[in-house]
Amino acid sequence: MAYQSVNPYDGKTLKTFAELTDAALETAIATAATCFQTWRTKTFAERAVVVSKAAALMHARVDEFARPVTLEMGKLIDQARGEVVLSADIIEYYAKNAKRFLESHDLKPSTGEAEIESSPFGVLFGVEPWNFPYYQLARFAAPNLMAGNVVMVKHAGCVPQCAIAFEKLWRDAGAPAGAYTNLLISYDQVNRVIDDPRIKGVALTGSVEAGRVVAGRAGQNLKKSTMELGGSDAFIVLDDADLDKTVKWAVWGKMNNTGQCCVAAKRFIVVEALADRFLDKFQTALAALEPGDPMDAATTLGPLSTEQALVKLVGQVKRAVAAGATLVMGGDRIDRAGSFMQPTILSDIAVTNPAFREEFFGPVALFFRVKNEDEAVALANDSDFGLGGSVFTKDVARGKRIASRIDTGMVFVNHPTWTTPSLPFGGIKNSGYGRELSSVGIQEFVNKKLVRVSSIDAAA
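These lines cover the structure that appears in this document, whether it is placed above or below. Numbers given to residues run from 1 along each chain, matching the order in which its sequence is written. This being a predicted model, a pLDDT of at least 70 is required before a residue's local features are given, and a value of 80 or more before pairs of side-chain atoms are given or counted; all residues contribute to the totals for chains, interfaces and linings. To get the side-chain values, all heavy atoms of the structure are used, and hydrogens and water are removed first.

### Some details on helix α13 (residues 396–405)
Only protein chains enter the calculation, and the probe is 1.4 Å; a residue is then buried if its accessible area is under 20% of its type maximum, exposed if over 50%, and partly exposed in between. Secondary structure counts use DSSP, requiring at least four H or I residues in a row for a helix and at least two E residues in a row for a strand, with both numbered from the N terminus. When α13 is considered as a whole, its buried residues turn out to be Arg398, Gly399, Ile402 and Ala403. Buried residues of α13 fall within an arc of 140° about the axis and therefore sit on the same side. Exposed and oriented more than 90 degrees from the buried face of α13 are Lys400 and Ser404. Residues count as neighbours in contact if any of their non-hydrogen atoms are within 4.5 Å of one another. In the core, the buried residues of α13 are packed alongside β10 (233–237), α12 (373–381), β16 (389–392) and β17 (412–413). Near the N-terminus of α13, the side chain that reaches the backbone nitrogen of Ala397, with its oxygen 3.2 Å away, is that of Asp395. Directions from the helix axis toward the C-beta atoms define the arc. We define a polar contact as two N or O atoms separated by no more than 3.5 Å, with the added condition that, inside protein, one atom must be a possible hydrogen donor and the other a possible acceptor, whereas residues neighbouring each other in sequence contribute only through side-chain atom pairs.

Now the structure itself:
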């Protein structure tokens, strides 16, 4: 089964779901296309009634929505609750702000009048990952629904219950049939959806490999796309950083969602003056994490999302060590039921080591020593990825100067890269293109139309 809930805590299969038939897929696309013709004519206030209701329902049912996240992909239950609240906040944010973001605005031509107005594209198709099963959906659906588009989503195969719950949320909120559609479809059917002329835009959050395939298919069809792909975020520690506070953020930045986050801190770049002390404190803090049932609030180390993810990550670590990296701690699965991996630190990673270029999606930290801030910036930028990054220093002005030199879509000073509804999210290089969230994200799939009024007697 392509769509299957398997609890990574104990390996038990919870539920399986059949893929849509081609006939059912055709009906779904036709329904969405019909819905768009009506939804696009609604006022912002009318759309906001539905979107605000969806946010209110999520806020009111936090535990109900959080439970399948933990059961399907192993997220610690408190973090799952936090994701539900964040997702509801994103939905509410666009219900309140979309009209302001998309209001027509006047230009000042030398003669006559001109304005830019925003109009929706139509039916949009999103391909979304498992690691934040609601947040990824909310940041795609909420702005686009408020803009007057309708959305169809192929979610990850390991979180079907979360996908179904999010679709039901929109029905419960009063959205018309076709406004939000969950598609349990195959990879071949994904191509069919992208090729369909009724689909007007494509968004993907996922791996670089998936991005190449989906963006390529969208490009062949001359369809606008956005891609939020992988990351290998640098966590830079300068010589004047508050070490104890920085280490606490290092653990959070690395281990939030068990490290399964595109903007997780992955490469820890520490100036020589603090390197030994940072590594010692970081290792001690990681070693204190306790594996257990992610439904238990006392657990501090959850499983990876799937057994396949665990096997892949352990293999990456072993290849890195075989190529000369030093295994500071961890490096293997934990000897217990479930898809648990030891918190791991690798150091002495040469440029020729495959680990230098790879993304490690889990509890694996790459540790680098540098002489000074210039070396830190150079190393941070020596990456195929360009999503986020962070700089830790007591001198905020210095931190901002360093941030300006780092080639990524986002840099945080004295905090790991993170997300809120009002901050734009996205990257450059192999981390993709386009932005989600904030006033920027809602502009991706709207037509910025120029309306020009001139005198009929005006010169050409």
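### Observations regarding the packing of aromatic side chains
The geometry of an aromatic ring pair is captured by the separation of the ring centres together with the interplanar angle, meaning the angle of the planes. Only rings of Phe, Tyr and Trp enter the pairing, Trp through its six-membered ring, and a pair is recorded when the two centres are within 6.5 Å. The plane angle decides the type: under 30 degrees is stacked, over 60 is edge-to-face, the rest tilted. Inspection of every chain in the model, using the stated rule, returns 22 aromatic pairs. An angle of 10° between the planes, with centres 6.3 Å apart, marks the rings of Phe278 and Phe367 as stacked. Linking Phe278 in helix α10 (residues 272–287) with Phe367 in strand β14 (residues 364–370), this pair joins segments that are 89 residues apart in sequence. With respect to burial, Phe278 and Phe367 carry one shared label: buried. Each member of the aromatic cluster is reached from another via a ring pair, and the members are Phe235, Phe268, Phe278, Phe282, Phe367 and Phe392. Remark: a charge is flagged as sitting over a ring if the NZ atom of Lys or the CZ atom of Arg is within 6 Å of the ring centre and within 35 degrees of the ring normal. Taking the ring centre of Phe44 as reference, the NZ or CZ of Arg47 above it sits at 5.2 Å. Geometry around Phe445 places Lys224 over its ring, the cationic atom sitting 5.4 Å from the centre.

### A closer look at the side chain of Ser232
Along the chain, Ser232 turns up in the loop between β9 (224–228) and β10. The class of Ser232 is buried, set by a relative accessible area of 5%. Apart from residues no more than four positions distant in its own chain, Ser232 is found in contact with Lys266, Arg267, Glu358, Ser383 and Phe385.

### Focus: the nonpolar core
By nonpolar core is meant a set of buried Ala, Val, Leu, Ile, Met, Phe, Trp, Tyr and Cys residues that side-chain atoms within 4.5 Å join together. If you look at the biggest cluster of nonpolar residues, it comprises 95 residues, and the most contacted ones within it are Ile91, Phe125, Phe166 and Trp170. For this core, the leading source of residues is helix α4 (residues 77–102), giving 13 residues. Counting 29 residues, the second-largest nonpolar core is a separate cluster that includes Ala325, Leu346, Phe368 and Val391.

### Focus on the pairing of strand β11 (residues 265–271)
Counting buried residues in β11 gives seven out of seven residues, a clear majority hidden from the surface. In terms of strand pairing, β10 meets β11 through five bridges, oriented parallel. Each residue of the ladder has a partner; that of Ala234, found in β11, is Arg267. Look down the strands so they point away from you; if going from the first strand over the helix to the second traces a clockwise path, that crossover is right-handed. Considered for its hand, the β-α-β crossover made up of β10, helix α9 (residues 243–255) and β11 is right-handed. Strands were regarded as paired on the criterion that DSSP finds at least two bridges between them. For β11 and β14, the ladder comprises five bridges, and the chain directions are parallel. Counted as the bridge partner of Arg267 is Leu366 from β14.

### Structural notes on the pattern of salt bridges
Salt bridge, as used here: a side-chain nitrogen of Lys or Arg that lies within 4 Å of a carboxyl oxygen of Asp or Glu. Under the defined criterion, the tally for this structure stands at 27 salt bridges. Salt-bridge contacts for Glu167 lead to Arg171; the nearest nitrogen and oxygen are separated by 3.6 Å. With Glu167 and Arg171 both in helix α6 (residues 160–172), this residue pair falls four residues apart, about one helical turn. A relative accessible area of 16% places Glu167 in the buried class. Ionic contacts of the salt-bridge type, sharing partners, join the residues Asp239, Asp240, Glu373 and Arg398 into one network.

### Describing the sheet that holds strand β5 (residues 123–127)
Strand order across the open sheet formed by six strands is β7-β6-β5-β8-β9-β19, with mixed pairing between neighbours. Edge strands, defined here as strands with exactly one partner in the open sheet, are β7 (180–182) and β19 (432–433). Pairing analysis gives five bridges linking strand β8 (residues 199–205) to β9, with the strands arranged parallel. Residue Val202 lies in a different strand from β9, and its bridge partner there is Ser225. Angles run from 0 to 180 degrees between N-to-C directions of axes, and those axes are lines fitted to C-alpha atoms, restricted for helices to the stretch in contact. In this fold helix α5 (residues 135–147) packs onto β5, β6 (150–154), β7, β8 and β9, with an angle of close to 160° to the strand it touches most, β6.

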